[in-house]
Amino acid sequence: MKRIAILGSTGSIGTQALEVIAEHPSEFSVEVLTAQNQADLLITQALAWKPAHVVIGNEAKYAQVKEALAGTGIQVHAGAQALEEVVTLDSVDIVLTALVGYAGLLPTVKAIKASKPIALANKETLVVAGALIMPLAREMGVPILPVDSEHSAIFQCLMGESHNPIEKVILTASGGPFRGFSWEQLAQVTRAQALKHPNWSMGAKITIDSASLMNKGLEVIEAAWLFDVKPSEIEVVVHPQSIVHSLVQFEDGSIKAQVGLPDMKLPIQFALGYPNRMKASFPRFDFKLYPSLTFEQADTRTFRNLGLAFQALEQGGNKACLLNAANEVAVAAFLEDQIGFLAMSDLNDYVMNQGTFIANPTLEDYIESDKLSRIMAQDWVDKNRK
Ligand code: NAD
Ligand code: MG
């Protein structure tokens, strides 16, 4: 029985993880559930799953959660610091990082230091501080099991291949709702249009990132750290059907791919159940229903975020941390209709290239860079409001 801590249990990944756990009651149990703001859903989940601990990030909602769970024996905590503590509990066997953004970094560091395997959905942690996370995980002997579908695909393709060098990893991208759009068209797109992803139903931030190709940029950086590949060994190919989840090319030219319907429950289950493939009831892929799978070049001239991510990876140091923080501010401002779609890339470019560069950042440097980058980004938003 694996006892799981789900950080961000009320989100898209968190709720799907609970569906996976519900299908495998003899393999998994829920030890910790956490949420930032959705107190009502957290309470409902806690009453259904009876975890030992819950954390509500927003301290203003502590009393509500505490009262609703009184008499259940469930311990209730609040605030960001509590997240860093619950991941280290002896009773936790694996931590699923299903929270969004930079907030995942410090709890993940604490969990690794406490020797907890990580099922990593929170890609921002590796984007911000992959240079710190990966060596720490190796030092502690802790596996980082990717939940992101592309990285799960690559991870699966690499099973049994540890002695074979990778020539290239090929990340597939759906292209999002604005695939094929020109700059002129992108200048007009609305929040509502950007929130409609053709193939996946996800949280707001990653949905906007998918529309702007920032998500693929973040995934390029995530792949570089997870699989120890250089920027030149990572290719992005647009595959609108989202059936081929990603591929690996080896030195003999052979390419392996992992294929299936776009359903995050599969990579979530694979990470939680690793190294076992557990029986699952999700729908199967049927070739007859997909007579053509297509592939095309990604348009990095129009979708500048992808180019910026490659640039951050090439330059190293805290560049990707600067880019990530700017992007979190940019997406929030776009969602509040303060800036337009294209302005997100202008903002990312500005902060990444004007922020203070640190070649070999410590954890404290990343924390400081994130903070300063957000201030700089917010300032830019205030000056460039629509
Ligand atoms: P979401 O917005 O649906 O859920 C986010 C969860 O994190 C919620 O439970 C929320 O309460 C919590 N949270 C938000 N801000 C927080 C903070 N500051 N501190 C602590 N907790 C906080 O997001 P999601 O779509 O489930 O994505 C979660 C992560 O997984 C992201 O990093 C995303 O990039 C990654 N991911 C998601 C998908 C997907 O299909 N949704 C696929 C691949 C990767
Ligand atoms: Mg992905």
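Residues numbered from 1 in each chain as written. Chains lettered and ligands numbered in written order. Predicted model: local features only at pLDDT ≥ 70, side-chain atom pairs only at ≥ 80, totals over all residues. Heavy atoms only, no water.

**Here's the deal with the UniProt feature "domain: 1-deoxy-D-xylulose 5-phosphate reductoisomerase C-terminal" (unreviewed entry) in the protein chain**
Look at the UniProt record and you will see "domain: 1-deoxy-D-xylulose 5-phosphate reductoisomerase C-terminal" (unreviewed entry) annotated at residues 144–227. Within residues 144–227, the helical portion is 46% and the strand portion 13%, while the C-alpha atoms at the span's ends are 11 Å from each other. (UniProt positions renumbered as here; feature names shortened; annotations may be inferred. Helix = DSSP H or I, 4+ residues; strand = E, 2+ residues; numbered from the N terminus.)

**Some thoughts on the sheet that holds strand β10 (residues 244–250)**
Pairing is mixed across the open sheet formed by five strands, whose spatial order is β11-β10-β8-β9-β12. Single-partner strands in this sheet number two, and they are β11 (255–259) and β12 (296–297). Alignment of strand β9 (residues 234–238) against β12, held across two bridges, turns out to be antiparallel. Its bridge partner being in β12, Val237 is matched across the sheet by Gln297. Running over the sheet, helix α11 (residues 214–227) touches β8 (166–173) and β9 and is turned about 150° from β8. (Pairing = 2+ DSSP bridges. Contact = heavy atoms within 4.5 Å. Axes fitted to C-alpha atoms, helices over the stretch in contact; angles between N-to-C directions.)

**Considering the coordination of the magnesium ion (ligand 2)**
Looking at the magnesium ion (ligand 2), one finds its protein donor set to be Asp148 (OD), Glu150 (OE) and Glu219 (OE), positioned 2.1 to 2.2 Å from the metal centre. Residue Asp148 is classed as buried on the basis of its relative accessible area of 8%. (Donors = N, O, S within 2.8 Å, 3.2 Å for Na, K, Ca; no water. Buried < 20%, exposed > 50% of the residue type's maximum accessible area, 1.4 Å probe, protein only.)

**Regarding empty space enclosed by the protein**
Taken as a whole and assessed by the stated rule, the structure comprises two cavities of 30 Å³ or more. Lining the largest cavity, in full, are Leu186, Ser212, Thr302, Phe303, Arg304, Asn305, Phe341, Leu342, Met344 and Ser345. Of all elements in the fold, only α13 (304–315) and α15 (343–354) reach the threshold of two or more residues within the lining of the largest cavity. Residues that form the lining of the largest cavity fall into these classes: five nonpolar, four polar and one charged. Looking at the second largest cavity, its volume works out to about 40 Å³. As for the second largest cavity, its lining consists of Ser149, Trp200, His245, Gln258, Gly260, Leu261, Asp263, Leu266 and Pro267. By residue class, the composition of the lining of the second largest cavity is four nonpolar, four polar and one charged. (1 Å grid on protein atoms, 1.4 Å probe; cavity = no way out; pocket = protein on both sides within 12 Å on 5 of 7 lines; lining within 4 Å. Points joined across faces, edges and corners; volume = space filled by probe spheres on them. Nonpolar A, V, L, I, M, F, W, Y, C, P; charged D, E, K, R; others polar.)

**Quick notes on the environment of Thr125**
Looking at the secondary structure, you find Thr125 in helix α6 (residues 123–140). Separated by 196 residues in sequence, Thr125 and Cys321 have C-alpha atoms that sit 9.2 Å apart. A distance of 3.3 Å separates a polar atom in the side chain of Thr125 from the backbone nitrogen of Leu105. At a separation of 2.5 Å, a polar atom in the side chain of Thr125 contacts the side chain of Asn122. (Polar contact = N/O pair within 3.5 Å; in protein donor to acceptor, adjacent residues only side chain to side chain.)

**A short note on the layout of surface pockets**
In this structure, the second largest pocket occupies an estimated 520 Å³ of space. As for the second largest pocket, its lining consists of 21 residues, and the residues nearest its centre are Phe155, Leu158, Ser162, Leu226 and Phe227. Every element with two or more residues in the lining of the second largest pocket is listed here: α6, β7 (144–146) and α11. Looking at the lining of the second largest pocket residue by residue, the class counts come to 15 nonpolar, three polar and three charged.

**Let's talk about the site of ligand 1**
Neighbouring ligand 1 are 22 residues, the closest being Thr10, Ser12, Gln36, Glu124 and Gly203. Here an oxygen atom of ligand 1 sits 2.9 Å away from a polar atom, N or O, in the main chain of Ile13. A distance of 2.8 Å separates an oxygen atom of ligand 1 from a polar atom in the backbone of Gln36. Look at ligand 1: alone it shows 830 Å² of surface, and the protein chains cover 85% of it. (Near = heavy atom within 4 Å. Areas by Shrake-Rupley, 256 points an atom, 1.4 Å probe, with all protein chains shown as cover.)

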